[in-house]
Amino acid sequence: MSGELKRFKRVLHIREEERELTQWELSVRMREEESILTKMSEIEAKRDDAMADFCAEKGVVSPQQLWFERQNLDVMEKKLNLNKQELECCRVQIEETKTELIEKHRSVQLMERYVDKLKDREDKKVLNAEQNNLDDINTMRFHRDFTGEADL
């Protein structure tokens, strides 16, 4: 195997590893997105329950109790908004990672095609060398047979 082929196989291997790393990063980000969505649904459920409690008829309630319940609802809304921002950021990162993964995949495919061409070229060189050796052997046999050295 030629040195050039070895070098480009190493480059191909490195690019494949980079692609796998990017795939792993994408899977981590997608799991993070799922985690955020789960957290948001839990917070929304709690907020809906708190809103239902807030709106339910309770009879006589002190203004302080209403204020605390309203503050609780505000805190839940803030958590939801923070999670929405975090989710949006996560989705942007996912899209960036997908784009990066596509580019790395293209790079790997390009390098695979080039390495295949180098292999084909190397195989042709080996076949040509073998064919030249066979031709030399046949020429020597023909020359030997022609000059009568075979009778000895």
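Everything below is about the structure shown above.
Just so you know, these numbers come straight off a predicted model, no measurement behind them.

**Topic: the packing of aromatic side chains**
Counted according to the given criterion, the structure contains 2 aromatic pairs. With 4.8 Å between their ring centres and 70° between their planes, Phe-8 and Tyr-114 make a pair best called edge-to-face. Placement of the pair is Phe-8 in helix H1 (residues 3–55) and Tyr-114 in helix H2 (residues 63–147), with a sequence separation of 106 residues. What makes Phe-8 partly exposed here is its relative accessible area of 23%. Ring centres 5.3 Å apart and planes at 65° place the aromatic pair Trp-67 and Phe-68 in the edge-to-face group. We classify Phe-68 as partly exposed; its relative accessible area is 45%.

**Structural notes on H2**
Counted at 1.5 Å a residue, the expected span for H2 with its 85 residues is 126 Å, and the 124 Å between its end C-alpha atoms agrees. Once H2 finishes, Gly-148 follows within two positions and takes phi at roughly 90°, a positive value.

**Considering the side chain of Thr-97**
Looking at the secondary structure, you find Thr-97 in helix H2. When near neighbours in sequence (up to four residues on either side) are disregarded, Thr-97 contacts Thr-22, Glu-25, Leu-26 and Arg-29.

**Remarks on a negative patch on the surface**
A cluster of like negative charges, contributed by Glu-112, Asp-116, Asp-120 and Asp-123, occupies part of the molecular surface. Relative to the helices and strands, Asp-116 is located in helix H2. Owing to a relative accessible area of 41%, Asp-116 belongs among the partly exposed residues under this scheme.

**Regarding the environment of Arg-91**
Residue placement: Arg-91 occurs in helix H2. Assessed through its relative accessible area of 36%, Arg-91 is described here as partly exposed. Residues Arg-91 and Met-51 lie 40 residues apart in sequence; the distance between their C-alpha atoms is 29 Å.

Parameters at a glance
- Residues numbered from 1 in each chain as written.
- Predicted model: local features only at pLDDT ≥ 70, side-chain atom pairs only at ≥ 80, totals over all residues.
- Heavy atoms only, no water.
- Phe/Tyr/Trp six-rings, centres within 6.5 Å; stacked < 30°, edge-to-face > 60°.
- Helix = DSSP H or I, 4+ residues; strand = E, 2+ residues; numbered from the N terminus.
- Buried < 20%, exposed > 50% of the residue type's maximum accessible area, 1.4 Å probe, protein only.
- Expected span 1.5 Å × (residues − 1).
- Contact = heavy atoms within 4.5 Å.
- Patch = residues over 30% accessible without salt bridge, like charges linked within 9 Å, V, L, I, M, F, W, Y side chains within 5 Å.
- Areas by Shrake-Rupley, 256 points an atom, 1.4 Å probe, with all protein chains shown as cover.
- Salt bridge = Lys/Arg side-chain N within 4 Å of Asp/Glu carboxyl O.
- Lys, Arg positive; Asp, Glu negative; His and termini not counted.
- Charge placed at Lys NZ, Arg CZ, Asp CG, Glu CD.

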